[in-house]
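Each chain, letter by letter, is given below.
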Amino acid sequence: EHLASLEQGSEFQQSLAFASLLRLGHVLESYGQLADDARAGLETFLHVEFSTRWPSSDFEPGAELDAFVEHCQKHPGRAFAQSAVQHKLMLFKAIASPALRVVWRSDM
């Protein structure tokens, strides 16, 4: 009831987070909990932003990221360069790289 009464306030009317809170009854924990229309809008936005600001033809992953990707394909579950810290760093670099798309096993 209290959340529904807050919805009337103008600051919440455009909030995806607040709309999701009302729909689910709790704070979002993952991207997969977004409504289909919200995910579609977000994917469209990201596609436009990434293809406009960072055309993929301008970026190559580089030798280090290539080695990381190859390691992950050949040795799933093992740390890159025998270092959990280095593995996490390379994962962040892969996520940030417009030349790569990270796919989680749980999504396959």
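Residues numbered from 1 in each chain as written. Predicted model: local features only at pLDDT ≥ 70, side-chain atom pairs only at ≥ 80, totals over all residues. Heavy atoms only, no water.

(A) View of the packing of helix H4 (residues 62-74) against helix H5 (residues 84-96). Where H4 meets H5, the closest approach of the two axes is 10 Å, and the angle between their N-to-C directions is 110°. It follows that H4 is roughly perpendicular to H5 by the angle criterion. Relative to H5, the crossing made by H4 is left-handed. Across from Glu64, Leu65, Phe68 and Cys72 in H4, the residues of H5 making contact are Gln86, His87, Met90, Leu91, Lys93 and Ala94. Grouping the constituent residues of the contact of H4 with H5 by class yields 6 nonpolar, 2 polar and 2 charged. (Axes fitted to C-alpha atoms, helices over the stretch in contact; angles between N-to-C directions. Helix = DSSP H or I, 4+ residues; strand = E, 2+ residues; numbered from the N terminus. Parallel < 35°, antiparallel > 145°, perpendicular 65-115°, else oblique. Left-handed = near helix turned anticlockwise from the far one by under 90°. Contact = heavy atoms within 4.5 Å. Nonpolar A, V, L, I, M, F, W, Y, C, P; charged D, E, K, R; others polar.)

(B) Region of interest: unusual backbone geometry. Phi at Ala81 is positive, roughly 55°, even though this residue is not glycine. Relative to the assigned elements, Ala81 resides in the loop between H4 and H5. Owing to a relative accessible area of 45%, Ala81 belongs among the partly exposed residues under this scheme. Even without glycine at this site, Gln82 takes up a positive phi of about 55°. Looking at where Gln82 falls in the secondary structure, it is placed in the loop between H4 and H5. The exposure class of Gln82 is exposed, given its relative accessible area of 76%. (Buried < 20%, exposed > 50% of the residue type's maximum accessible area, 1.4 Å probe, protein only.)

(C) Layout of the side chain of His71. Structurally, His71 is set in helix H4. The class for His71 is buried, based on a relative accessible area of 15%.

(D) Representation of the layout of surface pockets. Taken as a whole, the second largest pocket spans an internal volume of roughly 570 Å³. If you tally residues by element for the lining of the second largest pocket, the top one is H4, at 4 residues. When the residues that make up the lining of the second largest pocket are grouped by side-chain class, the tally is 11 nonpolar, 4 polar and 3 charged. (1 Å grid on protein atoms, 1.4 Å probe; cavity = no way out; pocket = protein on both sides within 12 Å on 5 of 7 lines; lining within 4 Å. Points joined across faces, edges and corners; volume = space filled by probe spheres on them.)

(E) Spatial organisation of a nonpolar patch on the surface. The grouping of Phe92, Ile95, Val102 and Trp104 at the surface amounts to a nonpolar patch, some 380 Å² of accessible area in total. Among the structural elements, Trp104 can be located in the segment after H5. (Patch = residues over 30% accessible without salt bridge, like charges linked within 9 Å, V, L, I, M, F, W, Y side chains within 5 Å. Areas by Shrake-Rupley, 256 points an atom, 1.4 Å probe, with all protein chains shown as cover. Salt bridge = Lys/Arg side-chain N within 4 Å of Asp/Glu carboxyl O.)

(F) Just the pattern of salt bridges, in detail. Taken as a whole and assessed by the stated rule, the structure comprises 3 salt bridges. Notably, a salt bridge pairs Arg39 with Asp36, separated by 2.9 Å at the nearest N-O pair. Residue Arg39 and its partner Asp36 are located together in helix H3 (residues 36-53), separated by 3 residues, close to a single helical turn. Where Lys74 meets Glu70, a salt bridge forms, and the shortest distance between an N and an O atom there is 2.8 Å.

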